[in-house]
Amino acid sequence: MSQDAKKRAVAEAALEFVVPGELVGVGTGSTANAFIDALATARGRIDGAVASSKATAARLAEHGIRVVELNSAGNLPVYVDGADEATRHRHLVKGGGGALTREKIVAAAAGTFVCVVDDSKIVDRLGRFPLPVEVIPMARSLVARALVRLGGRPERREGFVTDNGNEILDVHGLDILDPPTLESELNQIAGIVANGLFARRGADMVLIGTAKGVERI
């Protein structure tokens, strides 16, 4: 089974978590896009969607799904999104698409966070994928020096600006033994808007696309 087929399988499996008549939060990236495509077949069952990025909002609108701003959403039963890395403890690294801050906000607002990945994203320990960190532009060098002191090798994501008008540092070389603690430590560095560790509020359910079907954690 191809990677795209695995993504489609988990995207379709995530539809069962969508609450009829309610809003659904939708993430950003290739697997989230597969979920949007699957959601389009059931758009009559939902009230609309809250998007985690401008790109996601555009794709939802193309499928005729009403996009609702989070500030106007009220109850948000479920959020569905992919990940760049995931462990079987449901800790995640996200932000490869640069939408980590808005993804973290919508995930925090949702009652249930369902993460959809193919089995290539499952790791024993986070850190193989560079950790994205969104930074205020004037603080980029200050934050980079702090990240070096933590053992990382930060690289500016060239030519990229987030939907919030900020920059991304991709941090290589981190061996993330304690994801919740590192997430909290990064949150205390002045100039960091958000980091791509989703551990303090990890996924409630991880759906994994495999050659044998969809595994649930």
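Quick caveat, the model's predicted, so the values are computed rather than measured.

J.: Please set out the sheet that holds strand S4 (residues 85-86) residue by residue, giving values where relevant.
T.: Taken in spatial order, the three strands of this open sheet run S4-S5-S11, and their pairing is antiparallel. Edge positions in the sheet fall to S4 and strand S11 (197-198), since each of these pairs with one other strand and no more. Relative to S11, strand S5 (residues 92-93) is paired through two bridges, and the arrangement is antiparallel. Residue pairing for S11: Leu92 is matched across the bridge by Phe198.

J.: Describe in detail the packing of aromatic side chains, supporting the description with residues and values.
T.: On inspection of all chains with the given rule, the structure shows two aromatic pairs. Geometrically, the ring pair formed by Tyr79 and Phe113 is tilted, given 5.2 Å between the ring centres and 45 degrees between the ring planes. Taken together, the residues span a long stretch of sequence, with Tyr79 in strand S3 (residues 78-81) and Phe113 in strand S6 (residues 112-118) at a distance of 34 residues. Residue Tyr79 is classed as buried on the basis of its relative accessible area of 0%. Connected via pairs of aromatic rings, a cluster forms that spans Tyr79, Phe113 and Phe198.

J.: Before we move on, can you summarise the nonpolar core with the specific residues and values?
T.: Counting residues in hydrophobic clusters, the biggest one holds 25 residues, and the most contacted among them are Val24, Val26, Phe35, Leu39, Leu60, Val114 and Leu207. Those elements that place two or more of their residues in this core are helix H1 (3-14), strand S1 (23-26), helix H2 (30-40), strand S2 (48-51), S3, S6 and strand S12 (205-210). By residue number, the principal contributor to this core is H2, which donates five residues. Once residues lying within four places of it in the same chain are set aside, the contact partners of Val114 are Phe17, Val78, Tyr79, Val80, Asp81, Met205 and Leu207.

J.: If you had to explain a nonpolar patch on the surface to someone new, which residues and values would you point to?
T.: Taken together, the side chains of Ile136, Met138 and Val193 present a nonpolar region at the surface, about 310 Å² in accessible area. Here Ile136 is to be found in the loop between strand S7 (131-135) and helix H5 (140-149).

J.: So what about the sheet that holds S6? Which residues, and what values?
T.: If you trace the six strands from one edge of the open sheet to the other, you get S2-S1-S3-S6-S12-S13, paired in mixed fashion. The sheet is open, and its two borders are formed by S2 and strand S13 (213-216), each paired with just one other strand. The average undirected angle you get between the axes of adjacent strands in this sheet is 25 degrees. Relative to S3, S1 runs parallel, the two being bridged by three bridges. From the neighbouring strand, Gly25 faces S3, where its bridge partner is Tyr79. Strands S1 and S2 of the sheet are contacted by helix H3 (residues 54-62), whose axis makes an angle of about 160 degrees with S2.

J.: Describe in detail unusual backbone geometry, supporting the description with residues and values.
T.: A positive phi angle is found at Arg90, which is not glycine, with a value near 70 degrees. Looking at where Arg90 falls in the secondary structure, it is placed in the loop between S4 and S5. Residue Arg90 is classed as partly exposed on the basis of its relative accessible area, which comes to 31%.

Conventions we followed
Residues numbered from 1 in each chain as written. Predicted model: local features only at pLDDT ≥ 70, side-chain atom pairs only at ≥ 80, totals over all residues. Heavy atoms only, no water. Pairing = 2+ DSSP bridges. Helix = DSSP H or I, 4+ residues; strand = E, 2+ residues; numbered from the N terminus. Phe/Tyr/Trp six-rings, centres within 6.5 Å; stacked < 30°, edge-to-face > 60°. Buried < 20%, exposed > 50% of the residue type's maximum accessible area, 1.4 Å probe, protein only. Core = buried A, V, L, I, M, F, W, Y, C linked by side-chain atoms within 4.5 Å. Contact = heavy atoms within 4.5 Å. Patch = residues over 30% accessible without salt bridge, like charges linked within 9 Å, V, L, I, M, F, W, Y side chains within 5 Å. Areas by Shrake-Rupley, 256 points an atom, 1.4 Å probe, with all protein chains shown as cover. Salt bridge = Lys/Arg side-chain N within 4 Å of Asp/Glu carboxyl O. Axes fitted to C-alpha atoms, helices over the stretch in contact; angles between N-to-C directions.

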